[in-house]
Amino acid sequence: MSGRRPARRAGVVGVTLATLLSHYRRHPGQLAMLLLGLWVAGALWSSVQAINATARDSYARAEALFETRLDRIERRDGTPLSPATYAALRRDGMAVSPLVAGELTLAGSAAGEAPLRLLGIDPLTLPGTSPLARRTGDAASLRDWLLPPHRLRAAPDVADAARRDPRLPPVEVDPGLPPATLVTDIGVAQRLLGLAGPTRLVIAPEAPAELPDALMRIPARQLASPGQLADSFHLNLTAMGLLALVVGLFIVHAALGLALEQRLGLLRTLRALGVPGRTLVVALGLELLTLGLVGAGLGILGGVLLARLLLPDVAASLASLYDSHVGTRLALPWHFWLGGVAIILGGLASAGAGLLWRVARLDVLALGHAQAWRARLGGLLRRQAWAGGALIMLAAGLGGWLWLTGDRQLVAGFVMVTAALLGVTLWLPAWLAGSWRLAARLGRRRALWAWALADLQLQLPRLQLPMMALLLALATNLGVSSMVGGFRLTFLDWLDQRLLADLYLHPEAERHDALQAWLADQPEVATLLPARHAEATLLDAAAQSAAPVALFGIRPAAVLRAHWPLRLPAAERDAAWQALAAGEVFVNEQLANRYRRRPGDTLTLRGADGRRHRLSIAAIYPDYGNPRPEVVMPVARLTRVFAAPPGSLGVVLRDAPGSRRQRLDALVTRLAARFGPATAESAIDQQALKADATRVFERTFAITRALDALTLGVAALALLTTLLAQAGTRRAQLAPLWALGVSRRRLVGVQCLQLTGTALGTALLALPLGLALAWALVAVINVAAFGWRLPLHLFPLQLLVTLGLAVLVAGLAALLPAWRLWRMPPRQLLQEFAAT
Amino acid sequence: MLQLTDVAKSYPTPQGPLFVLDGIDLHLAPGESLALMGESGSGKSTLLHLAAGLDVPDRGEIHFHERALSALDEPARADLRRRHLGLVFQQFHLVPSLAVIDNLTLQARLADREDPDWTDHLLERLGLTGLEQRYPEQLSGGQQQRLAIGRALAPRPDLLLADEPTGNLDEAAADRVLALLHELIHESRCALLMVTHSARVAAPLDRCLRLHYGRLEPGEP
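Residues numbered from 1 in each chain as written. Chains lettered and ligands numbered in written order. Predicted model: local features only at pLDDT ≥ 70, side-chain atom pairs only at ≥ 80, totals over all residues. Heavy atoms only, no water.

Draft legend 1. Structural view of the overall build of chain A. Across its full length, chain A carries 28 helices and 17 strands. Within chain A, the proportion of its 836 residues that are buried is 53%. Within chain A, contacts between residues at least 6 apart in sequence are counted, and of these 78% link residues at least 24 apart. For chain A, the computed accessible surface area is about 36200 Å², with 61% contributed by carbon and sulfur atoms. (Helix = DSSP H or I, 4+ residues; strand = E, 2+ residues; numbered from the N terminus. Buried < 20%, exposed > 50% of the residue type's maximum accessible area, 1.4 Å probe, protein only. Contact = heavy atoms within 4.5 Å. Areas by Shrake-Rupley, 256 points an atom, 1.4 Å probe, with all protein chains shown as cover.)

What follows is the structure, given as structure tokens:
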């Protein structure tokens, strides 16, 4: 801005804006704090949006793939289809098309790298409604497809790797394919996968087919991969991203407030020099816009980098939880970038609008007086407390309604949580001011104590925003930690109950019965737990709808009856097992919640053969991690009534001296000798299964934990940056005390105590809020989003950790300003004193 | 140039309105200098704020160059301040984040009246040459007040309104600043309305009036 010639003609707005911005040149810390707030808020929000956008892109591509638009025909016993079956169906006039699906590991893949999904199609018979059939529709491309060396279409993320595999035909990139998918001619696919015939047949949903009894038709709508539950997962992610955005905006709000308060004198001078109030507001608005655009750019860039880091974990979670395949490369549409800028600018506008409104309303003669500014702030705090109280009442009312009605609506749950978080946050300044007044009354005889508390009241306008951010972060940390900790306990306990067998075998169908008979004769085996799966359709008369449901057959042996978890009091469990044996069924919690069923209610199932079965529910059982509704009945009945193909065999070993591992190995060795290595290789040790399930669990919550930790980090940054930004003003307030004979050591101590005490007061309010949040997550949001309910576990240690975290965050934030004060030469303090 | 007619101003108090100015009539001709004296709380600063259009009277009229300030809205009053008035405060009110040169030219640039020759002249006369890139906090109290005077004169205003311009300075520094102020006022043919409680400060001015209990009386410096 400096320079004397020639005369500059920048207009009133330009000169005003340049003068306002010059403040940041002298206070770069405040500018850094503002941009940091925008950056973290934008980065966390954008990362979640980038992940969601990539997932949506993957779902859209998966839905566009022909598989999800065609009905599938498979054998009821699960065995592969023969070419003869296909030929017979075609001869009978059915428009079926053969399909090969399998997993292929590319040559040169790193160890542990996931195999790709290879699909082999016959373009001549594939129904024309399939997008893939349209792509191979012209004569030239059809010829290339059918004749050697054939063609292979690859999803963009795997095209390069596919080109390096010499076994594969020439590769064409197909952006329409879902991630990690290859499509080629059926003959090529059979050769690559070592198969003799098609794995399944597909048929257009509208095409008629009179199938023989051995085959069943699975409608296309049952095959859609990303369902309501995956959507809920993304909604949860969005909620976490929104929370991080709000916490980041607290920093922005604090920084803007500080920058404005420090420029009150400047605003007055500018008004006195002839800048109209409206021009001042316009210039401040332009300043906000400039900062917002820079912050949005930084935030979105940071978000994309963060999303790249988190995406593999999220993709793994979605694959293991919902069988939804999401690419591990970001796919960001144009509206992601525009939406990111809009939400960050919107957030900045919401943080800055109040300040602009106050500048516009304040009288020019009162503008420069911090007292007038603070007097208005006092009124604002009172209104804030009232609004907070009203929101807390709303949250309590919603909580009571959800509790009494037993209705678990996701939106109501989120509204309740948001109202509670916002309400308590708005109420925090009133809580802190009240606590300080009480403490001041108790210790009014001690001068330094009285000063420290009176000083805190003066600091409240500046401290309130970072403390609000800290409150939100602490409460979320406590709520989410309690939920995840409780989930872990319950899940591990449930695994112990469900995985009773020491060994699980998945033999080929033709060897199932022989293997079962052989195992029953082995001396190590105490109990055999055979299990089978089948599919049926649940007819819901109330909703006039039909939906797929999984059927699970178990053998209710004594060991299983003793451990199988049921949502029933202990005294009623025997009766429930007797009812199961007598023809009733158990249903999982997902089915009970989704279709509002209780023990004693009935279900109507339609089997694959079209017959209807009316079944009475004996009990409900928890079924964590399973997105599908499920019905349990004795395996014998499932085989008889629903023609369930052979499934797995669980082997429970006898209690005997010696190592369990050795006895298990001995049994598997004999099994390999008797039935061949393929059957033995299908054996899975219970401990390996548990380790696998626990790994999936940990990965599922990886992103939740990451966002949670980042939010807490953001709150700590908010506090630190506020303290640094106001360090100069604080020194001017502390200098007179120093001049009056309070040593620098004591001043540093008082400052640290003030801050940690305030953080502790904030944490005390965060405890009930965090517990309420944990309840809401466990009892409302999880039930609505995932379909299962968890018992609420309280961890006293977690409460202590929350208090400790508050003190740690405040202590760390206070460290740098305190150190600076400690190192300040007396001459500088003397100058501060002279200035006051 | 400046005409106040029957101007009154009150502030609300729990005991009812407190009149700080009542029936004020005042006239200031172009190039004339007038000292406004009075005790603390006599309403001197209030009168200055009204003349600057920073506040509005309860009663009466204020005309500047034949234009009634009451007929102007807030942006128009701001425009008048920017182009025709210069303000000097006791507390200087410099912009701490701007260098000396930018502080000096701030109002001139706002009024789109920056004149590099006049700026150079002011810098030299104010004794600030060589200090252009310093910040206000790096200047002495006298230098800061000289800079504030220069900022007010940079757009060549018709009227300079000064509120205790030497109140924060020691006697010697005050004398130097005042001498300079009078010289520059003459050079720029600008009128001056100065609020002060010091007879010594008021003495060199053309006229002197005294505010007493909200009313104007002829005064002696």
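Draft legend 2. Summary view of the side chain of B:S97. Mapping B:S97 onto the fold places it in the loop between β6 (85-88) and α3 (100-110). For B:S97, a relative accessible area of 3% puts it in the buried group. A polar side-chain atom of B:S97 sits 2.7 Å from a polar atom in the side chain of A:S22. Discounting residues that sit within four places of it in the chain, B:S97 has contacts with A:T19, A:S22, A:H23, A:R25, A:R26 and B:Y135. (Polar contact = N/O pair within 3.5 Å; in protein donor to acceptor, adjacent residues only side chain to side chain.)

Draft legend 3. The arrangement of helix α4 (residues 116-125) of chain B in detail. Residues and elements named next belong to chain B. Among all positions in α4, only P116, W118, T119, D120, L122 and L123 are buried. Packing partners of the buried residues in α4 comprise α3, α5 (141-153) and α6 (171-188). Just downstream of α4 lies G127, where phi reads positive at about 70 degrees.

Draft legend 4. View of the side chain of A:T279. Following the sequence through the fold, A:T279 ends up in helix α10 (residues 277-322). Other than its neighbours up to four places away in sequence, A:T279 contacts A:V12 and A:V13.

Draft legend 5. Here's a closer look at a positive patch on the surface. Residue and element names in this part refer to chain A. On the surface, a cluster of positive charge is made up of R437, R441, R444 and R445. Mapped onto the secondary structure, R445 falls in the loop between α14 (410-442) and α15 (447-498). For R445, a relative accessible area of 83% translates into the label exposed. (Patch = residues over 30% accessible without salt bridge, like charges linked within 9 Å, V, L, I, M, F, W, Y side chains within 5 Å. Salt bridge = Lys/Arg side-chain N within 4 Å of Asp/Glu carboxyl O. Lys, Arg positive; Asp, Glu negative; His and termini not counted. Charge placed at Lys NZ, Arg CZ, Asp CG, Glu CD.)

Draft legend 6. Main features of the sheet that holds strand β10 (residues 215-218) of chain B. Residue and element names in this part refer to chain B. In space, the six strands of this open sheet follow the order β6-β7-β8-β3-β9-β10, with mixed pairing throughout. What marks the edges here is a single partner per strand, and that holds for β6 and β10. With strand direction ignored, the average angle separating the axes of adjacent strands in the sheet is 20 degrees. On top of the sheet, helix α1 (residues 44-51) reaches β3 (33-38), β6, β7 (159-163), β8 (191-195) and β9 (207-212); it is set at about 150 degrees to β7, its chief contact. Running at roughly 80 degrees to β6, helix α2 (residues 74-84) makes contact with β6 and β7 of the sheet. (Pairing = 2+ DSSP bridges. Axes fitted to C-alpha atoms, helices over the stretch in contact; angles between N-to-C directions.)

Draft legend 7. How the structure looks around the confidence of the model for chain A. Predicted confidence across chain A gives a mean pLDDT of 79, with 83% of residues reaching 70 or more. Predicted confidence is poor over residues 222-228 of chain A, with pLDDT under 50, and the contacts of this stretch with residues over four places away or in other chains come to 16 contacts. (pLDDT = per-residue confidence, 0-100.)

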